[in-house]
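Structural features, examined
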Amino acid sequence: MKKSLSLSFILVCISLFAFGQNADEDIKATVDNYFEGVTTGDTAKLNKAFHSSAILRTVNAGTGRIQDFPVKTFISKTPAGGVKATTKLISYSYAGISGLAAVELQFADFKYIDLLSLLLVNGEWKIVTRVFSRVELDVTL
């Protein structure tokens, strides 16, 4: 009895560890698809990174109102050759089927800091919300 309980416990721990490793790799791959899509203009990568119903959200600097953009609009306006920016995954975390990633896209004279909400949908991590801020180069998260 003790052997079977110990073996069961060990198997559960191994499977949880393996799930965690896969989730880490899969979340990073989703963020990488986002980065590559934006910097190369690869809309297939962007479509792989984002859920089709994703929303991009910020505050309009002129009006002070929250402004939402459907992901389809964002993808359609991505320049064919991409944008010239350096990218950085600042941090990420997850629990169960939900995750968060903080990322940075740095351009020549400003940068975007994005807070990405992710969900595990049909076995794939997808960005479902991008909340972003355009900030000065010296701003850090």
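Whatever comes next refers back to the structure up there.
This text gives an overview of the structure that appears in the document. Source: prediction; values computed, not measured.

Here we look at the side chain of T58
- Among the secondary structure elements, T58 is positioned in strand 1 (residues 50-59).
- Given a relative accessible area of 16%, T58 falls into the buried group.
- Here the side chain of T58 touches F132 through a polar contact of 2.7 Å, landing on its backbone oxygen.
- Excluding anything up to four places from it in sequence, T58 contacts R65, I66, Q67, F69 and F132.

Side note on the sheet that holds strand 3 (residues 86-95)
- The six strands are arranged 2-1-6-5-4-3 in an open sheet whose pairing can be described as mixed. Two strands lie at the open edges of the sheet, namely strand 2 (66-70) and strand 3, each paired on one side alone. Going across the sheet, the axis of each strand differs from the next one's by a mean of 20°, ignoring polarity.
- Two elements, strand 5 (residues 111-121) and strand 6 (residues 124-135), share 11 bridges in a ladder whose sense is antiparallel. Bridge pairing in strand 6 places S117 opposite T129.

Thoughts on the side chain of R130
- Checked against the element boundaries, R130 lands in strand 6.
- Separated by 2.8 Å, the side chains of R130 and D114 make a polar contact.
- When near neighbours in sequence (up to four residues on either side) are disregarded, R130 contacts Y34, F50, I55, L56, R57, F74, Y112, D114, L115 and L116.

Some thoughts on a nonpolar patch on the surface
- Taken together, the side chains of I90, L115, V131 and L141 make up a nonpolar region of the molecular surface, amounting to roughly 330 Å² of accessible area.
- Inspection of the secondary structure puts L115 in strand 5.
- A relative accessible area of 43% means that L115 is categorised as partly exposed.

Describing the environment of A101
- Mapped onto the fold, A101 is located in strand 4 (residues 98-106).
- A101 gets classed as buried once you look at its relative accessible area, which sits at 4%.
- Along the chain, A101 and L118 lie 17 residues apart, while their C-alpha atoms are 7.8 Å from each other.
- Those residues in contact with A101 that lie beyond four places of it in its chain are V31, L89, S91, Y92, D114, L115, L116 and L118.

Scoring rules and cut-offs
Residues numbered from 1 in each chain as written. Predicted model: local features only at pLDDT ≥ 70, side-chain atom pairs only at ≥ 80, totals over all residues. Heavy atoms only, no water. Helix = DSSP H or I, 4+ residues; strand = E, 2+ residues; numbered from the N terminus. Buried < 20%, exposed > 50% of the residue type's maximum accessible area, 1.4 Å probe, protein only. Polar contact = N/O pair within 3.5 Å; in protein donor to acceptor, adjacent residues only side chain to side chain. Contact = heavy atoms within 4.5 Å. Pairing = 2+ DSSP bridges. Axes fitted to C-alpha atoms, helices over the stretch in contact; angles between N-to-C directions. Patch = residues over 30% accessible without salt bridge, like charges linked within 9 Å, V, L, I, M, F, W, Y side chains within 5 Å. Areas by Shrake-Rupley, 256 points an atom, 1.4 Å probe, with all protein chains shown as cover. Salt bridge = Lys/Arg side-chain N within 4 Å of Asp/Glu carboxyl O.

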